[in-house]
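Read off the chains here:
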2 protein chains.
Amino acid sequence: MPVFTEFASKSRDLRVLPSFALPLPRLTPPFEPTVNDGVERYEVVIVGAGPSGLMLELLLARYGLSEESLLCIDSKPSTLKSGQADGVQPRTLEVFKTLGISDEIENEACQMWQFAFWNTSSDPSRIIERKSVVPEVIPPARFRYEATIHQGRIERIMETDLLRYSKRGVQRDTKLIHVQLNEDDKEFPVLAEIETRGVRRLIRTKHLVGADGAHSMVRQCVGLKLEGQSLDHIWGVIDLVVDTDFPDIRRRCAIHSPAGSVMVIPRERIVTGEYLTRLYVQVPGMANPDGDIVGAATPVSEHDDARVRRQKVTKEGILKQASDAFKPYYLRPKSEESIDWWAAYQIGQRVSPEFIVNDSTGVPRVFIVGDACHTHSPKAGQGMNVSMMDSYNLAWKLAYHIHGLSPSSTEPDQPHPLLDTYHLERHANAQQLIEFDRKFSTIFSGQLDTEESGMSHAEFVATFNTGNGFTSGCGVEYGESMIVDRTASEGQDSPIRGDDYLSGILRPGRRLLNVKLRRHADGWHRDIQDDLASTGRFRVLTLTSNDLLSAQSVSARSLQNVSALLGTFPAGVIEQIVVHPQLPREFEWDSLPGCVKEHAEMRFYNGSELEDAYGIYGVDPHQGAMVVVRPDGYVGIVVALGDVDRVGEYLRRCIRTR
Amino acid sequence: MPVFTEFASKSRDLRVLPSFALPLPRLTPPFEPTVNDGVERYEVVIVGAGPSGLMLELLLARYGLSEESLLCIDSKPSTLKSGQADGVQPRTLEVFKTLGISDEIENEACQMWQFAFWNTSSDPSRIIERKSVVPEVIPPARFRYEATIHQGRIERIMETDLLRYSKRGVQRDTKLIHVQLNEDDKEFPVLAEIETRGVRRLIRTKHLVGADGAHSMVRQCVGLKLEGQSLDHIWGVIDLVVDTDFPDIRRRCAIHSPAGSVMVIPRERIVTGEYLTRLYVQVPGMANPDGDIVGAATPVSEHDDARVRRQKVTKEGILKQASDAFKPYYLRPKSEESIDWWAAYQIGQRVSPEFIVNDSTGVPRVFIVGDACHTHSPKAGQGMNVSMMDSYNLAWKLAYHIHGLSPSSTEPDQPHPLLDTYHLERHANAQQLIEFDRKFSTIFSGQLDTEESGMSHAEFVATFNTGNGFTSGCGVEYGESMIVDRTASEGQDSPIRGDDYLSGILRPGRRLLNVKLRRHADGWHRDIQDDLASTGRFRVLTLTSNDLLSAQSVSARSLQNVSALLGTFPAGVIEQIVVHPQLPREFEWDSLPGCVKEHAEMRFYNGSELEDAYGIYGVDPHQGAMVVVRPDGYVGIVVALGDVDRVGEYLRRCIRTR
Ligand SMILES: Cc1cc2nc3c(=O)[nH]c(=O)nc-3n(C[C@H](O)[C@H](O)[C@H](O)COP(=O)(O)OP(=O)(O)OC[C@H]3O[C@@H](n4cnc5c(N)ncnc54)[C@H](O)[C@@H]3O)c2cc1C
Ligand SMILES: Cc1cc2nc3c(=O)[nH]c(=O)nc-3n(C[C@H](O)[C@H](O)[C@H](O)COP(=O)(O)OP(=O)(O)OC[C@H]3O[C@@H](n4cnc5c(N)ncnc54)[C@H](O)[C@@H]3O)c2cc1C
């Protein structure tokens, strides 16, 4: 189309780039450390750039912590290249989606839709037989599968996005030598020694987060210890391209054969066009409880012992064990180059009793996240997920504290209840995790349907199914606290009907389930979770009642009152979402309270046309309800429509007013 | 999980990167030009890196043309920063998806789901009123909306992906000065002069593609001319953030008001969190047919005339015209900085009679694609899409020719029927496009429901609806040719029932509609179009009949014969997809012909569980059918199940045998 006159504004340049998340407002002065004693100063230092450290740095950078304020170090020269975790749970995918980084996983990971159970056959000539196939993910979720893909790729995806927000990214080849609280500098009481390629230096920071894995130096330096026991099963794990006639090789399988147990994890397609498989294989006859801790705290004798046993586990041993367990089917590496990675490990479940260390005035200063605070077996596919979710829980709380958005954060000698909820919520979650893992690992390592085991196939499947709400990440429920307020949604006056929370019934402490809505402004079919972008904002979700179109209705007044309430908080920290049920008639913008178009034009939805949002959330369309959703997507409080006062009380606990 | 022994293979490094497409095999010798006369030599030179040039370079690089063999130049220093096209049609999105580059558009473009029609009201006090709202995309398609996003961003998305396959990418700041056929060098008969920042040089190439836009220098140099007429409507277009009480500002709208016509195109969200709007506004009283050609071929007097008229169109004029047409609603820029870009243009529909120029031996040497071969108005949102689809049609044919995959390509003085189909298919498509555009533009520029116009609102909506199959890109149908063979699927013996091709009934010359299938190997819910990745491969899709499970069935024999047939072609150029209808019983791999697992383990699907693929495609589950899908996703031939001979004939026309 030939054009004969044209003009363009400069700001167009930005239009060609992928979208950026808007940072949180900062009420505290910009970070400019003034002391000039040769010691670098930061607001947050993260030690370790595995899944948990990268997630934390990414979130803090997106929330607005500047290059000067935020440092993340890792002793390794690059992201992980091989092995380790490969399972991305549905809830983790939901979170990645709210960060705009889920696409590569959605497109290129292996999607596990099914879990097949194989047991010793009663017909000895068949040796093993398939007992059942169940869906991999049972609870309602935006993604109905578990994705499997190499952990290093997940790390690379996060790092790529990080580099859009932070020029430095991770400072690699840099190791934490020691860290301690040293209150000579009250503003920067965490003193750490780090070393980059042989050069040591001291740094100070307001907060330090140990994301440094199972052998965490941070944890050791601040005197915390993983507690719990180690079980005596030794396992081998191997990633390879297989050649097999086993019919379920592309399904997740638990195989209990006379020759031992194997777990099959189908994996992503690789560049050759072939597909990887991961096998977890029980290695017989090598038991040594509590022998799997290798690190500074471990006595020398144990070190030696581990070294001896290590030599006994070989690739050939693992493969032999696997092919025995697959009989009568054959299974072998497709070629000699088909083996990507292998390792041997021992199952142990441990958790640190504390995730936070305060300074002498009670300010939380040192945090641990991820494997640094909990370790467990890999077979439920939790480690990478739970580790990143620790960071997802901590990040917004830390950002609110540092940006001066939480009410008490600038007062001296006051408690810091918001930060404290990090330990509260994630420690309880870690406890649950290791309990589930202990149970799952034990039965998985044992024989089924035999006299000794005392565990039937049916019980094993039932354990998997009930655990699934938890392992998928979708059933996680945080306990009551300043940010999980159930007082308004329990008992007679509750606006909520039903208690099948896993299926979406609103429940403070659980994540808001995704529903499909039709947007009023443009008819777009949207997912409500797309309005819960991980930008650190609270959301007030008003599910109006069906009286919305009458001017003096409860719905109309509530919306006006909410808009007035939100005006008392710093601009841009709370967003409104408005959903309406089926209404008695068609309508236009001018039949609605003006505040809807003003504050929620592009977040105003029909909640009955595509999916029955009210039914899914347990809200009566004649009554409506109001919900505060936390920045991490968890429901904070559910109140009756009109009870804007309680919404205000809740928000004032979390956010300072203007 | 503490590990005590570990091993990793080197090739893991690749595992952290996004997937790469496997290049096509090359049967011709690797490209190593030997003449040493100071003239660079290439196999393909592309002039212009707008949407059509970038798409072509991206495809050729993915298909395997090396850095030495392929050059793309553009006179501009970077991708487009402002204005121009913004509509991405559903079919274009499908193609982007098969390239793995649709995500950013899916996530961040504006999705137009609805089209609202506003007309002069019969009640003069209301001035205008909404007549109807229809879905924006009517035909079945993988994406049920049209996406709008800045053209520069589409170009940047393609360029980002291109840089994964080509280090050089686009050679910018480099202008084509002249091009001619010069057969002194018979292997490289296209001689071009190009200039980079003042320095001129000569290059030679086997093929040159003019993707250099409406004023194409390539077109002029090879003596082709756009033919057609220009209409006299002058339009302004403006991209801005608006402040308005018009209720449909987030829908696509055609407004016919007493003060003139406006088209509203809602656009993407920008970094401020605001949303862009594009307005096309009819500027009254400035008509001059055929005056819109500005360029070397235009006589000086017309140049001057254009310059005079140009000065009359101003931003203020466009805005005034727009706000008059919106009355009684108000509409203004949200602030002075809210205007991104504006331009004025005149509608014209033109097309070049030839898209290919041969050398004296009949080998196609110069091609033109995109705006270089057709121009038209922007209001049907076609330009960028049709331009990229030209390249999508040409790229695989050119790659087959150069890689020696097409049968005749290495014989001298033979016709090149595969390359010729580029002109055949895309010229006919361009003709259809400009005819539709002429009609649509005329009625859009006129008044509706008035005596003079002779066009009612109902007729306008009908024109939009029938045109929609075409404008969405989903209804494009290529005519019969060596690669569109309808002889086996017309008449009595046709395996196909029905003729609603737009809804998916199989039809040679139309793209294969997406359907959802459940994969046998792992239960994964997949889209069949994900098996049509844009890697340049042909696919043989066998829709078996429900006799698949009996060993001597037609289905089983067909599958065996197809596997044997494909063995006669170069390895890795043809892929198999197998779909089965509902079968009489559950089954395992061992009830199937072994070739299914061997050749299609991960492309073997249940076609009845998620969607009724057989019903959608018009195939009787008792009969089955076989389909060849071309590398661009279009159906080439449909034959009865068992008629493997015809599949062989078809494929031998396109691909050489071993
Ligand atoms: C064989 C294996 C299989 C697994 N399978 C699964 C699975 O299927 N699913 C799943 O969810 N999880 C699995 N896991 C667990 C998973 O890998 C971990 O839970 C996850 O990596 C923990 O993340 P993190 O960030 O807390 O710690 P890590 O990933 O351990 O990262 C810690 C980082 O800190 C760095 N670091 C350590 N000390 C220092 C120091 N002093 N100074 C500077 N940097 C330091 C390290 O270099 C490392 O990059 C598996 C683990 C293993 C070993
Ligand atoms: C105002 C406007 C609105 C439009 N709206 C739409 C819309 O809504 N939807 C739609 O689909 N289309 C729209 N179009 C049309 C769309 O922009 C074009 O159809 C599309 O850009 C054509 O792509 P192309 O690659 O063929 O040509 P172009 O995009 O024009 O690219 C040609 C390239 O060649 C380069 N070039 C030119 N000459 C030379 C030379 N001698 N040497 C080297 N390089 C050279 C140029 O620098 C340019 O980069 C619009 C166009 C305009 C102007």
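Residues numbered from 1 in each chain as written. Chains lettered and ligands numbered in written order. Predicted model: local features only at pLDDT ≥ 70, side-chain atom pairs only at ≥ 80, totals over all residues. Heavy atoms only, no water.

Side note on the overall build of chain A
The test is simple: Only runs of H or I of at least four residues qualify as helices and only runs of E of at least two qualify as strands under DSSP, and these elements are numbered from the N terminus. For the radius of gyration, the atoms used are the C-alpha atoms, and the globule rule reads 2.2 Å times the number of residues raised to 0.38. Only protein chains enter the area calculation, which uses a 1.4 Å probe; residues under 20% of their type maximum are buried, those over 50% are exposed, and those in between are partly exposed. Pairs of residues are marked as contacts when any of their non-hydrogen atoms sit within 4.5 Å. In these tables, accessible area is a Shrake-Rupley quantity obtained with a 1.4 Å probe, and a residue counts as shielded only by the protein chains included in the view. Note that His is not counted, nor are the chain ends; the positive residues are Lys and Arg, and the negative ones are Asp and Glu. Where a charge lies is defined by one atom per residue type, namely NZ (Lys), CZ (Arg), CG (Asp) and CD (Glu).
Counting secondary structure elements, chain A contains 14 helices and 29 strands. In terms of C-alpha radius of gyration, chain A reaches 26 Å, essentially the compact-globule figure of 26 Å for 658 residues. The principal-axis extent of the C-alpha atoms belonging to chain A is close to 75 × 70 × 65 Å. Relative to its 658 residues, chain A shows a buried fraction of 63%. Within chain A, contacts between residues at least 6 apart in sequence are counted, and of these 74% link residues at least 24 apart. Accessible surface, chain A as shown: approximately 23300 Å² in total, 50% of it carbon and sulfur. Side-chain charges of chain A comprise 73 positive and 89 negative groups, with the mean position of each set lying 3 Å from the other.

Topic: the site of ligand 2
For clarity, the threshold we go by: Only heavy atoms are used to decide nearness, and a residue is near a molecule or strand if one of them lies within 4 Å of it. Any N or O atom pair separated by 3.5 Å or less is treated as a polar contact, with the protein-specific requirement of one donor-capable and one acceptor-capable atom, and with residues adjacent in sequence counted only for side-chain atom pairs. Only Asp, Glu, Lys and Arg are considered charged, only Ala, Val, Leu, Ile, Met, Phe, Trp, Tyr, Cys and Pro nonpolar, and every remaining residue, Gly among them, polar. How far each domain reaches was decided by an automatic or database domain assignment.
Surveying the vicinity of ligand 2 reveals 35 residues, the closest of which are S52, D74, D371, G383 and M384 of chain B. Proximal residues around ligand 2 fall on chains A and B, making this an inter-chain site. In this structure, P51 of chain B approaches ligand 2 through a main-chain N or O atom, which is 3.2 Å from an oxygen atom. Here a nitrogen atom of ligand 2 sits 3.1 Å away from a polar atom, N or O, in the main chain of S75 of chain B. Relative to its unbound accessible surface of 980 Å², ligand 2 loses 91% to contact with the protein. At the level of elements, α1 (51–63), β9 (174–181), β16 (275–283) and α8 (383–402) of chain B are the ones that each hand at least two residues to the shell around ligand 2. When grouped by side-chain class, the residues that make up the shell around ligand 2 number 13 nonpolar, 15 polar and 7 charged. When we break the shell around ligand 2 down by domain, the ones giving at least three residues each are domain 1 (40–81 + 151–226 + 352–431) and domain 2 (87–147 + 230–286 + 304–349) of chain B.

Focus: the packing of helix α2 (residues 90–98) of chain A against helix α8 (residues 383–402) of chain A
Residue and element names in this part refer to chain A. So the rule is basically this: Fitted lines through C-alpha atoms give the axes, limited to the stretch in contact for helices. The angle between two N-to-C directions lies from 0 to 180 degrees. Our angle categories are set so that under 35 degrees counts as roughly parallel, over 145 as roughly antiparallel, 65 to 115 as roughly perpendicular, and the remainder as oblique. Each helix crossing is assigned a hand: it is left-handed if the near helix lies turned anticlockwise from the far helix by less than a right angle, otherwise right-handed if that turn is clockwise.
Where α2 contacts α8, the axes come no closer than 10 Å and their chain directions differ by 45°. In terms of orientation, α2 and α8 fall into the oblique class. Classified by chirality, the crossing of α8 by α2 is left-handed. Across from R91, T92, V95, F96 and T98 in α2, the residues of α8 making contact are N385, M388, M389 and Y392. Taken together, the residues that form the contact of α2 with α8 break down as 5 nonpolar, 3 polar and 1 charged.

Comments concerning the pattern of salt bridges
Residue and element names in this part refer to chain B. The condition that has to hold: Whenever a carboxyl oxygen of Asp or Glu lies within 4 Å of a side-chain nitrogen of Lys or Arg, that contact is scored as a salt bridge.
All chains considered together, the criterion is met by 104 salt bridges over all chains. Between D37 and R41 there is a salt bridge whose closest N-O contact spans 2.8 Å. Since its relative accessible area comes to 40%, D37 is described here as partly exposed. Notably, a salt bridge pairs D243 with R332, separated by 3.2 Å at the nearest N-O pair. Within this pair, whereas D243 is found in strand β13 (residues 242–244), its partner R332 is found in strand β17 (residues 331–333), the two being separated by 89 residues in sequence. On the basis of relative accessibility, which here comes to 45%, the residue R332 falls in the partly exposed class.

Section: unusual backbone geometry
All names here are of chain A. Cis geometry marks the peptide bond from K327 to P328, where omega comes out at 15°. Here the phi dihedral of R197 falls at roughly 40°; this positive angle occurs in a residue that is not glycine. Relative to the elements of secondary structure, R197 occurs in the loop between β10 (190–196) and β11 (199–210).

Brief notes about helix α7 (residues 315–326) of chain B
Let me state the cut-off plainly: The span expected for a helix works out to 1.5 Å for each residue beyond the first.
Its 12 residues give α7 of chain B an end-to-end C-alpha distance of 17 Å, which sits within 8% of 16 Å, the value for a rise of 1.5 Å per residue. With 9 of its 12 residues buried, α7 of chain B lies for the most part within the structure.

Section: the packing of α1 of chain B against helix α4 (residues 151–165) of chain B
Residue and element names in this part refer to chain B. Remark: α1 packs on α4, axes separated minimally by 9 Å, with the N-to-C direction vectors making an angle of 20°. Taken as axis vectors, α1 and α4 run roughly parallel relative to one another. Along this stretch, α1 crosses α4, giving a crossing that reads as left-handed. When α1 is examined against α4, the residues P51, L54, M55, E57, L58, A61 and R62 are found in contact with a partner set consisting of Q151, E155, M158, E159, D161, L162 and Y165. Each residue belonging to the contact of α1 with α4 can be placed in one class, and the counts come to 8 nonpolar, 1 polar and 5 charged.

Observations regarding the side chain of K97 of chain B
Relative to the elements of secondary structure, K97 of chain B occurs in helix α2 (residues 90–98). Sequence-distant contacts of K97 of chain B, that is, excluding residues within four places in its chain, are made with N107 of chain A together with S102, D103, E106, R142, F143 and D530 of chain B.

Observations regarding the sheet that holds strand β27 (residues 604–606) of chain A
All names here are of chain A. Applicable threshold: When DSSP locates at least two bridges between a pair of strands, those strands are taken to pair.
Reading across the sheet, the 7 strands line up as β24-β23-β27-β26-β25-β28-β29 and stay open at both edges, with mixed pairing between neighbours. Of all the strands in the sheet, the pair left with one neighbour each is β24 (525–527) and β29 (635–640). Taking the axes of each pair of neighbouring strands and ignoring which way they run, one obtains an average angle of 30° across the sheet. Relative to β27, strand β26 (residues 574–580) runs parallel, the two being bridged by 3 bridges. When the sheet's bridge partners are listed, V578 is paired in β27 with F604.

Regarding the side chain of H580 of chain A
Summarising the element assignment, H580 of chain A is placed in strand β26. If we ignore the near neighbours within four places in the chain, the residues touching H580 of chain A are T544, L548, F587, F604, Y605, N606, G607, S608 and Y614 of chain A.

Quick look at the domain arrangement of chain A
Residues and elements named next belong to chain A. Where we set the bar: Accessible-area loss on putting two parts together, using a 1.4 Å probe and summing over both, is the definition of buried area adopted here.
Taken domain by domain, chain A consists of domain 1 (40–81 + 151–226 + 352–431), domain 2 (87–147 + 230–286 + 304–349) and domain 3 (510–654). The centre of domain 2, based on its C-alpha atoms, is set 44 Å off from the matching centre of domain 3. Counting residues at the interface gives 9 residues for domain 2 and 12 residues for domain 3. Overall, the association of domain 2 and domain 3 removes approximately 790 Å² of surface from exposure, summing both partners, and the carbon and sulfur fraction of that is 40%. Broken down residue by residue, the surface that domain 2 buries against domain 3 is led by R91, T98 and R142, which jointly contribute 67%. The interface formed by domain 2 and domain 3 includes 3 salt bridges.

Re the pairing of strand β6 (residues 114–120) of chain A
Residue and element names in this part refer to chain A. Burial runs high along β6: 6 of the 7 residues are buried. Looking at chain direction, β6 and strand β7 (residues 128–135) are connected through 7 bridges and run antiparallel. Counted as the bridge partner of T120 is I128 from β7. Inspection of the sheet shows β6 paired to strand β14 (residues 252–257) by 5 bridges, in the parallel sense. Within β14, the position partnered with A116 by the bridge is C253.

Re the sheet that holds strand β4 (residues 87–88) of chain A
Residue and element names in this part refer to chain A. An order of β4-β8-β5 is seen for the 3 strands of this open sheet, with the pairing classed as antiparallel. With one partner strand each, in any of the chains shown, β4 and β5 (110–112) form the two edges of the open sheet. Across 3 bridges, the pairing between β5 and strand β8 (residues 146–148) is antiparallel. Looking at β8, one finds that C110 is bridged to T148.

With respect to the UniProt feature "domain: Phenol hydroxylase-like C-terminal dimerisation" (unreviewed entry) in chain A
Rule in force here: UniProt positions are given in the numbering used here, feature names are shortened, and annotations may be inferred rather than shown by experiment.
Per the UniProt annotation, the sites labelled "domain: Phenol hydroxylase-like C-terminal dimerisation" (unreviewed entry) are residues 476–656 of chain A. Span residues 476–656 of chain A is 20% helix and 19% strand, its end C-alpha atoms 28 Å apart.

Examining the packing of aromatic side chains
Let me state the cut-off plainly: Two rings belonging to Phe, Tyr or Trp (six-membered ring only in the last case) form a pair when the distance between their centres is within 6.5 Å. Interplanar angles under 30 degrees mark stacking, angles over 60 mark edge-to-face geometry, and anything in between is tilted. As a reminder, the over-ring test applies to NZ of lysine and CZ of arginine, requiring each to be within 6 Å of the ring centre and within 35 degrees of the ring normal.
Tallied over the full model, the rule gives 34 aromatic pairs over all chains. Summarising the aromatic geometry, the rings of F20 of chain B and Y165 of chain B are spaced 5.6 Å apart at their centres and angled 80° between planes, so their arrangement reads as edge-to-face. With F20 of chain B in the loop between β1 (3–8) and β2 (40–47) and Y165 of chain B in helix α4, this pair connects stretches of sequence that are 145 residues apart. Overall, the relative accessible area of 17% leaves Y165 of chain B in the buried class. On the basis of an interplanar angle of 40° and a centroid distance of 5.8 Å, the ring pair of W589 of chain B and F604 of chain B is categorised as tilted. Here F604 of chain B lies in strand β27 (residues 604–606) and W589 of chain B lies in the loop between β26 (574–580) and α12 (594–600), a separation of 15 residues in the sequence. Relative accessible area serves as the criterion here: at 10%, W589 of chain B is assigned to the buried category. One aromatic cluster in this structure is built from W118, F246, F326 and Y329 of chain A. Over the ring of W524 of chain B we find R526 of chain B, and its NZ or CZ is 5.0 Å from the ring centre.

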